[in-house]
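Chain by chain, the residues run as shown.
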Amino acid sequence: MLAPPTELFSADFLSDPYPTFAWLRRERPVYRCAAFESYIVTRYDDCASVLTDPDQFGPVPDVTPERPTADHVQYRHILARAFNAEYVARLEPIIQGIVDRLIDEFVDRGEADVMSDFAERLPTLVLAEMLGIPSSAQPMFHAWADSYTRSLAGELSPAQRDDFLRTIRELVGYFAYAIEERRRHPGDDLVTRLMHARAADAQLSGAQILSLCEQFMVAGRDLTTGLIGNGVRALLIHAIQLQRLIAEAWLLEAAIEETLRWDSPVLGQPRTVRTACDMRGERLLAGDIVVVMFAAANRDPLVFSSPDVFDLYRPNAGLHLAFGRGIHFCVGAPLARLEARIALHTLFARLPHLRLSSDRPGERRVAFAMLNLRTYGSLPVEFDTRG
Ligand code: HEM
């Protein structure tokens, strides 16, 4: 019987899932993974079809218990009013200021870890600004956010889990308090905007705003960290393309789209089958779990020519599914793109001859539990100092 080249979700698979994705796309595009009681979908067209048919493929209730499903479109309209392009554009100088401050801290050292010194810190600081968290509460916020995402990623020992539960209670309590505070004293932050945004006379409930704050904390932090880390590494191992990017700034946006396609920070997301249906000869029953593998779709040769090649000049890189598609398309995509653009531009402009460390290899990190983070745990680099 035909079997994928590496066992799905094994350590070998997670370190480089792409040969297995290629096999699955070719041989078993809708693959029943018995160990995980789910179907793995890997072709671009099939992934796009599942994502854009929410009546047939719904969210997985256990993963997002607070998220409204009944009128998600209206919910998205309200959200889009608060988290719109004009709001994201206003964050640009704030993000630039944070990026410069972070680089100031290591620019004289001649070496740094792109992940811990930079990529992991930037999105948390941006988020704290957006949510109006005062600087006195920010160290606490960092500790909460870190424990929260490590737990979702399945990285906590049993002993650490009690601490985690306490963390969650504190965090939810903090956000509930912050929402109440903004109700009394409106500010210019995202929580206030979410509270006042309206569409067709409807508003977000307090529970929805609370759930959004939690989602922002996970998606807004770790995936943006992943994009920055994956982007820096992709460019550093493609030196000629990096030289072109430094010479032609317009290539920056292309670099971000190609990173999202070639080394997607999110491998996949699950959906639940709502009513029985057939897909590529497999019978899917109501309640079955289908995992849409964005990362596999992003290397489908029927859509992207020479898909395993990182190519800044690829004309259709923007068709990637790294931010999803359809009614759940990533709310934070413009913010993530803006943060990555400023981060990459400033790093390459301020750190002359930036290169991967010659004696310390980077270390891959995959948050397997959610299938939605594949980046680096560390990415040591060296650069020339100006002095
Ligand atoms: C590179 C960074 C990011 C990536 C790769 C990413 C990826 C994704 C993906 C794939 C989805 C769709 C999930 C699905 O279809 O089930 C999603 C949804 C979402 N993302 Fe992002 N995301 C990123 C950054 C952000 C940021 C910065 C925020 C907010 C601060 C954010 C907030 C959200 C929210 C709230 C949703 C849920 C939307 C809905 O259910 O309608 N994301 N993201």
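Above this text sits the structure in question.
Now for a look at the structure at hand. Quantities reported herein were computed from a predicted structural model and do not represent experimental measurements.

## A closer look at the overall build of the chain
- Within the chain, the secondary structure is distributed over 16 helices and 14 strands.
- Against the 2.2 N^0.38 benchmark of 21 Å for 387 residues, the chain shows a C-alpha radius of gyration of 21 Å, consistent with a compact globule.
- Principal-axis analysis of the C-alpha atoms places the extent of the chain at approximately 65 × 55 × 45 Å.
- When each of the 387 residues of the chain is scored for burial, the buried share is 37%.
- In the chain, the proportion of contacts linking residues at least 24 apart, taken out of those at least 6 apart, comes to 71%.

## Quick look at the sheet that holds strand S14 (residues 380–382)
- Read from one edge of the open sheet, 3 strands run S4-S14-S11, paired in antiparallel fashion. On the outer flanks of this sheet lie strand S4 (111–113) and strand S11 (355–356), each paired with one strand and no other.
- Pairing of S4 with S14, which is carried by 3 bridges, proceeds in the antiparallel orientation. Bridge assignment links Asp-113 to a residue of S14, and that residue is Pro-380.

## Brief notes about the site of the ligand
- Neighbouring the ligand are 20 residues, the closest being Gly-220, Leu-223, Gly-324, Cys-330 and Gly-332.
- The set of elements that each furnish at least two residues to the shell around the ligand consists of helix H12 (206–236) and helix H16 (333–350).
- Looking at which element gives the most residues to the shell around the ligand, the answer is H12, with 7 residues.
- Residue composition of the shell around the ligand, by class: 12 nonpolar, 7 polar and 1 charged.

## Focus on the packing of H12 against H16
- Where H12 contacts H16, the two axes come as close as 10 Å, and the packing angle between them is 35 degrees. For the pair H12 and H16, the sense of crossing is right-handed. Between H12 and H16, the residues in contact are Leu-223, Thr-224, Leu-227, Ile-228, Gly-231 and Val-232 and Ala-336, Glu-339, Ala-340, Ala-343, Leu-344 and Leu-347, respectively.
- Of the residues contributing to the contact of H12 with H16, the split by class is 9 nonpolar, 2 polar and 1 charged.

## Points about the environment of Ala-22
- When you line up the elements, Ala-22 lands in helix H2 (residues 18–27).
- For Ala-22 and Arg-261, which are 239 residues apart along the polypeptide, the C-alpha to C-alpha distance reads 15 Å.

## Brief notes about the pairing of strand S2 (residues 38–41)
- Both strand S1 (residues 30–33) and S2 contribute to a ladder of 4 bridges, which runs antiparallel. Looking across to S2, one finds that Tyr-31 is bridged to Ile-40.
- Here S1 hands over to S2 after 4 residues, with Glu-37 in that stretch at a positive phi of 45 degrees.
- For S2 and strand S10 (residues 289–292), the ladder comprises 3 bridges, and the chain directions are parallel. Within the sheet, the bridge partner assigned to Tyr-39 lies in S10 and is Val-290.

Analysis parameters
Residues numbered from 1 in each chain as written. Predicted model: local features only at pLDDT ≥ 70, side-chain atom pairs only at ≥ 80, totals over all residues. Helix = DSSP H or I, 4+ residues; strand = E, 2+ residues; numbered from the N terminus. Rg over C-alpha atoms; globule rule 2.2 N^0.38 Å. Buried ≥ 20, exposed ≤ 12 C-beta atoms within 10 Å, placed from the backbone. Contact = placed C-beta atoms within 7 Å. Pairing = 2+ DSSP bridges. Near = placed C-beta within 6 Å. Nonpolar A, V, L, I, M, F, W, Y, C, P; charged D, E, K, R; others polar. Axes fitted to C-alpha atoms, helices over the stretch in contact; angles between N-to-C directions. Left-handed = near helix turned anticlockwise from the far one by under 90°.

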